[in-house]
Amino acid sequence: MPLKIRTKLTVAFVGIILFMISIVGVIAYYNQKALFNSLHRVEYAFTEREYFSDIRIAVEKTVMAANDYLITGDQKEREPFDRAASEAERLFREIPYEKVCKRCHPVVEGIVDRFYAIKGKEMVEEMKSIKELSDSFAGIRSKGEEIFALDRPLGSAAGVKLMEEMDALYHAETGRILMGYRGTIRGRVAEAIAAAQGVM
């Protein structure tokens, strides 16, 4: 039985509408996926920035506690020194990728994996920076331990020499690495935000 013109037009109209809806759905799906990826790149970049900021603060607190001991001669400064040094060492063992992915859904872990498969060279540089920071900090902690081993730190020439060596380690090595990496992270944050804004 032949279809009426009205039925043919209705079927054609519905077909066109379904086709258009499917095209819009596919476009929406890919846009949503791209936005999701970009937003997680932004989250990772900010987490990475927070991570290196936490390292900087822990290292500075370690140096300051040893310096305070030389100024005051008070053994109570030992506790902040140990606490800050332990925090720095914990941070050296915890890379930002793990910090982000502890909160992530498995899909997000895959996105971060894919992002760093592309950015593998940067990940190697990051791990190298963390290793350099860790090695430099070991020297800082060692000098701090020597400072706290002094019986009479007030006015001690040995204490002044140890503090100068500790400051030199901090400023020449640790500070240089942190400041250099700070610029790298700023670039990554800006890149991630630009990518996310491009999707939106």
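Notes on the structure follow.

Thresholds, definitions, all that
- Residues numbered from 1 in each chain as written.
- Predicted model: local features only at pLDDT ≥ 70, side-chain atom pairs only at ≥ 80, totals over all residues.
- Heavy atoms only, no water.
- Helix = DSSP H or I, 4+ residues; strand = E, 2+ residues; numbered from the N terminus.
- Contact = heavy atoms within 4.5 Å.
- Areas by Shrake-Rupley, 256 points an atom, 1.4 Å probe, with all protein chains shown as cover.
- Buried < 20%, exposed > 50% of the residue type's maximum accessible area, 1.4 Å probe, protein only.
- Expected span 1.5 Å × (residues − 1).
- Arc of directions from axis to C-beta.
- Core = buried A, V, L, I, M, F, W, Y, C linked by side-chain atoms within 4.5 Å.
- Salt bridge = Lys/Arg side-chain N within 4 Å of Asp/Glu carboxyl O.
- Axes fitted to C-alpha atoms, helices over the stretch in contact; angles between N-to-C directions.
- Parallel < 35°, antiparallel > 145°, perpendicular 65-115°, else oblique.
- Left-handed = near helix turned anticlockwise from the far one by under 90°.
- Nonpolar A, V, L, I, M, F, W, Y, C, P; charged D, E, K, R; others polar.
- Polar contact = N/O pair within 3.5 Å; in protein donor to acceptor, adjacent residues only side chain to side chain.

1. Re the overall build of the chain
Logical step 1: A tally of regular secondary structure across the chain gives six helices and zero strands.
Logical step 2: From first element to last, N terminus to C terminus, the chain shows the α and β order α-α-α-α-α-α.
Logical step 3: Counting only contacts in the chain whose residues sit at least 6 apart along the sequence, the fraction spanning at least 24 positions is 83%.
Logical step 4: Here the chain has roughly 12200 Å² of accessible surface; of this, 62% comes from carbon and sulfur atoms.

2. As for the side chain of Thr62
Logical step 1: One can find Thr62 in helix α1 (residues 5-72).
Logical step 2: Given the relative accessible area of 0%, Thr62 is considered buried.
Logical step 3: If near-sequence neighbours (up to four positions away) are discounted, Thr62 is found in contact with Phe81, Ala84, Ala85, Phe137 and Ile140.

3. A short note on α1
Logical step 1: Across its 68 residues, α1 extends 98 Å between first and last C-alpha, which sits within 8% of the 100 Å expected from 1.5 Å per residue.
Logical step 2: Of the residues flanking the end of α1, it is Gly73, one or two places downstream, whose phi is positive at about 75°.

4. Examining helix α2 (residues 78-93)
Logical step 1: Between its terminal C-alpha atoms α2 stretches 23 Å, which fits the 22 Å expected from 16 residues at 1.5 Å a residue.
Logical step 2: Buried within α2 we find Phe81, Ala84, Ala85, Ala88, Leu91 and Phe92. Projection of α2 onto a plane perpendicular to its axis shows the buried side chains occupying an angular sector of 120°, all on one side. Structural note: α2 exposes Glu79, Arg83 and Arg93 on the side pointing more than 90 degrees away from its buried face.

5. Here we look at the nonpolar core
Logical step 1: Counting 36 residues, the largest nonpolar core has Phe52, Ile55, Ile140, Ile147 and Met166 as the members making the most contacts within it.
Logical step 2: At the level of elements, α1, α2, α5 (120-148) and α6 (157-199) are the ones that each hand at least two residues to this core.
Logical step 3: Setting aside chain neighbours within four positions, we find Ile147 in contact with Ala66, Tyr69, Leu70, Leu162, Met163 and Met166.

6. Details of the pattern of salt bridges
Logical step 1: In total, this model carries 11 salt bridges according to the counting rule given.
Logical step 2: In this structure, Glu60 engages Arg56 in a salt bridge whose closest nitrogen and oxygen atoms are separated by 3.2 Å. Remark: Arg56 and Glu60 occur in helix α1; sequence separation between them is four residues, near one turn of the helix.
Logical step 3: Classification of Arg56 by relative accessible area gives partly exposed; the value is 28%.

7. Comments concerning the packing of α1 against α2
A pair of packed helices is captured by two measures, namely the crossing angle of their axes and the spacing between those axes.
Logical step 1: Between α1 and α2, whose axes approach to 8 Å, the crossing angle comes to 150°. Classified by the angle between their axes, α1 and α2 sit roughly antiparallel to one another. Every pair of crossing elements has a handedness; the one defined by α1 and α2 is left-handed. Mapping the contact onto sequence places Tyr51, Asp54, Ile55, Ala58, Val59, Lys61, Thr62, Ala65 and Ala66 in α1 and Pro80, Phe81, Ala84, Ala85, Glu87, Ala88, Leu91 and Phe92 in α2.
Logical step 2: Of the residues contributing to the contact of α1 with α2, the split by class is 13 nonpolar, one polar and three charged.

8. Quick word on the environment of Lys161
Logical step 1: Checked against the element boundaries, Lys161 lands in helix α6.
Logical step 2: As for Lys161 and Lys143, which are separated by 18 residues in sequence, their C-alpha atoms are 9.9 Å apart.
Logical step 3: Within polar-contact distance, the side chain of Lys161 engages the side chain of Glu165 at 2.7 Å.

Treat this as a map of the structure, not an account of what it does.
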